[in-house]
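Survey of secondary and tertiary structure
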Amino acid sequence: MPSNENGMTLTTGQLDAYLARIGIDRPVSLDLQSLSRLHYAHLMTFTWEALDAFMGWPSSITPASAFAKMVEGRRGGWCYEMNGLFGAALDALGFRVTRLCGGVKREELGDVAIGNHLTLRVDLDRPYLAEVGVADAIIEPVPLAVGPISQRGFDFSIAPAEDGWLRFNNHPHGIAPSFDFRADHSDEAAMAATHGWLMQDPGSPFTNALAVLRHTADGYVALQNDRLRSVTPGSVREQRITSADHLADTFETVFDLDVPQSTQVWDRIQVVGRDKAA
């Protein structure tokens, strides 16, 4: 069984369960077409969500933990889990995968942001950026190279940043406007430390706001506290979530999530709303 330098891979049984969960047969060749099919299927199966940080529920940065939560359970995950599980599955299939330590909003926050994002480099005929952890960005891998990117009518780009970093710029409606990364920069300790801060610190954006996103056939849906947006390249529609039952139904029918504690999540949304209004 292949194993990358971080030991972040899946067992044969876990890999089979993952592939069954996303509805994809084991690829016969390790090429861009197979990578793209896996990338798209992962995003159409799993919801991006940071419920654990918002609610103070336990969370781990390891792909094994993400597997239990997302494949064996019916939950989603955030960047460490979404890209972590995807990278572990790719590694188990035999792809050459490197976990890269990135920084969302480093353009604004500076180097303190480094570690708040995990992204993936996959080496085929050339390096590709595989990114299933931003939630409202690309749905297929792209060459890891400076230049414009267009997918499904949404425009992105990879641009040079200072000190040899690259900046992935999201589309204008994206929740995370950008993240920085370097093609050769891996730092598991930095990601583990920042994961802990994002999970627990009152200053973390994820402890103070609920964020849930899922790709659709022509765009994505995004829940931020009690506001649900449906976004396509040409439109943004918004509605309010009005009750605990409405939230539970939204988790189930819109995001395909099993969140039995939805009443507690609704209560927490109300507390956050009152705190912001005070």
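In case you missed it, the structure is sitting above this.
These numbers were taken from a predicted model, which means no experiment stands behind them.

Quick notes on the packing of helix 4 (residues 63–72) against helix 5 (residues 79–93)
Between helix 4 and helix 5, the shortest axis-to-axis distance is 9 Å and the interhelical angle comes to 100°. Taken together, helix 4 and helix 5 sit at an angle that is classed as roughly perpendicular. Counting all contacts with helix 4, which are made through Pro63, Ala66, Phe67, Lys69, Met70 and Val71, the residues of helix 5 involved are Glu81, Met82, Gly84, Leu85 and Ala88. Here the contact of helix 4 with helix 5 is built from residues that sort into eight nonpolar, one polar and two charged.

Description of the sheet that holds strand 10 (residues 211–215)
Read across the sheet, five strands follow the order 1-10-11-12-13 without closing on themselves; strand pairing throughout is antiparallel. The outermost strands of the open sheet, each flanked by one partner alone, are strand 1 (48–49) and strand 13 (235–240). Note: strand 11 (residues 220–224) against strand 12 (residues 227–232), five bridges, orientation antiparallel. Paired with Val221 across the strands is Ser230, a residue of strand 12.

Examining the sheet that holds strand 3 (residues 117–123)
Ordered in space as 5-4-3-2-9-8-7-6, the eight strands form an open sheet in which the pairing is antiparallel. One side of each edge strand has no neighbouring strand; the edge strands of this open sheet are strand 5 (142–143) and strand 6 (147–151). As paired strands, strand 2 (residues 96–104) and strand 9 (residues 178–181) are joined by two bridges and run antiparallel to one another. Each bridged residue has a counterpart across the sheet, and for Val104 the counterpart in strand 9 is Phe179. Contacting strand 2 and strand 3, helix 7 (residues 188–200) runs over the sheet at an angle of about 50° to strand 2.

Section: the environment of Asp180
Summarising the element assignment, Asp180 is placed in strand 9. Among the residues examined, Asp180 registers a relative accessible area of 0% and is labelled buried. In this structure, the C-alpha to C-alpha distance between Asp180 and Phe251, residues 71 residues apart in sequence, is 31 Å. Those residues in contact with Asp180, other than ones at most four positions away along the chain, are Gly102, Gly103, Arg106, Glu107, Ala161, Trp165, Leu166 and Arg167.

What about the side chain of Asn83?
Along the chain, Asn83 falls in helix 5. The buried category is assigned to Asn83, whose relative accessible area is 0%. Here Glu131 takes part through its side chain, which lies 3.0 Å from a polar atom of the side chain of Asn83. Polar contacts involving the side chain of Asn83 include one to the main-chain amide nitrogen of Val132, which spans 2.8 Å.

Focus on the packing of aromatic side chains
One pass over the structure, following the stated rule, counts eight aromatic pairs. For the ring pair Tyr18 and Phe46, a centre distance of 6.3 Å and an interplane angle of 20° mean the geometry is stacked. With a gap of 28 residues between them, Tyr18 in helix 1 (residues 12–22) and Phe46 in the loop between helix 2 (32–45) and strand 1 connect regions that are remote in the sequence. A relative accessible area of 1% places Tyr18 in the buried class. Ring centres 5.7 Å apart and planes at 45° place the aromatic pair Phe179 and Phe181 in the tilted group. Judged by its relative accessible area of 2%, Phe179 falls in the buried class. Among the aromatic residues, those joined into a cluster by ring pairs are Trp48, Trp78, Tyr80 and Phe206. Sitting over the face of the ring of Trp165, Arg106 holds its NZ or CZ atom 4.5 Å from the ring centroid. Between the NZ or CZ atom of Arg268 and the centre of the ring of Phe54, over which it lies, the distance is 5.1 Å.

Cut-offs applied
- Residues numbered from 1 in each chain as written.
- Predicted model: local features only at pLDDT ≥ 70, side-chain atom pairs only at ≥ 80, totals over all residues.
- Heavy atoms only, no water.
- Axes fitted to C-alpha atoms, helices over the stretch in contact; angles between N-to-C directions.
- Helix = DSSP H or I, 4+ residues; strand = E, 2+ residues; numbered from the N terminus.
- Parallel < 35°, antiparallel > 145°, perpendicular 65-115°, else oblique.
- Contact = heavy atoms within 4.5 Å.
- Nonpolar A, V, L, I, M, F, W, Y, C, P; charged D, E, K, R; others polar.
- Pairing = 2+ DSSP bridges.
- Buried < 20%, exposed > 50% of the residue type's maximum accessible area, 1.4 Å probe, protein only.
- Polar contact = N/O pair within 3.5 Å; in protein donor to acceptor, adjacent residues only side chain to side chain.
- Phe/Tyr/Trp six-rings, centres within 6.5 Å; stacked < 30°, edge-to-face > 60°.
- Lys NZ or Arg CZ within 6 Å of the ring centre and 35° of its normal.

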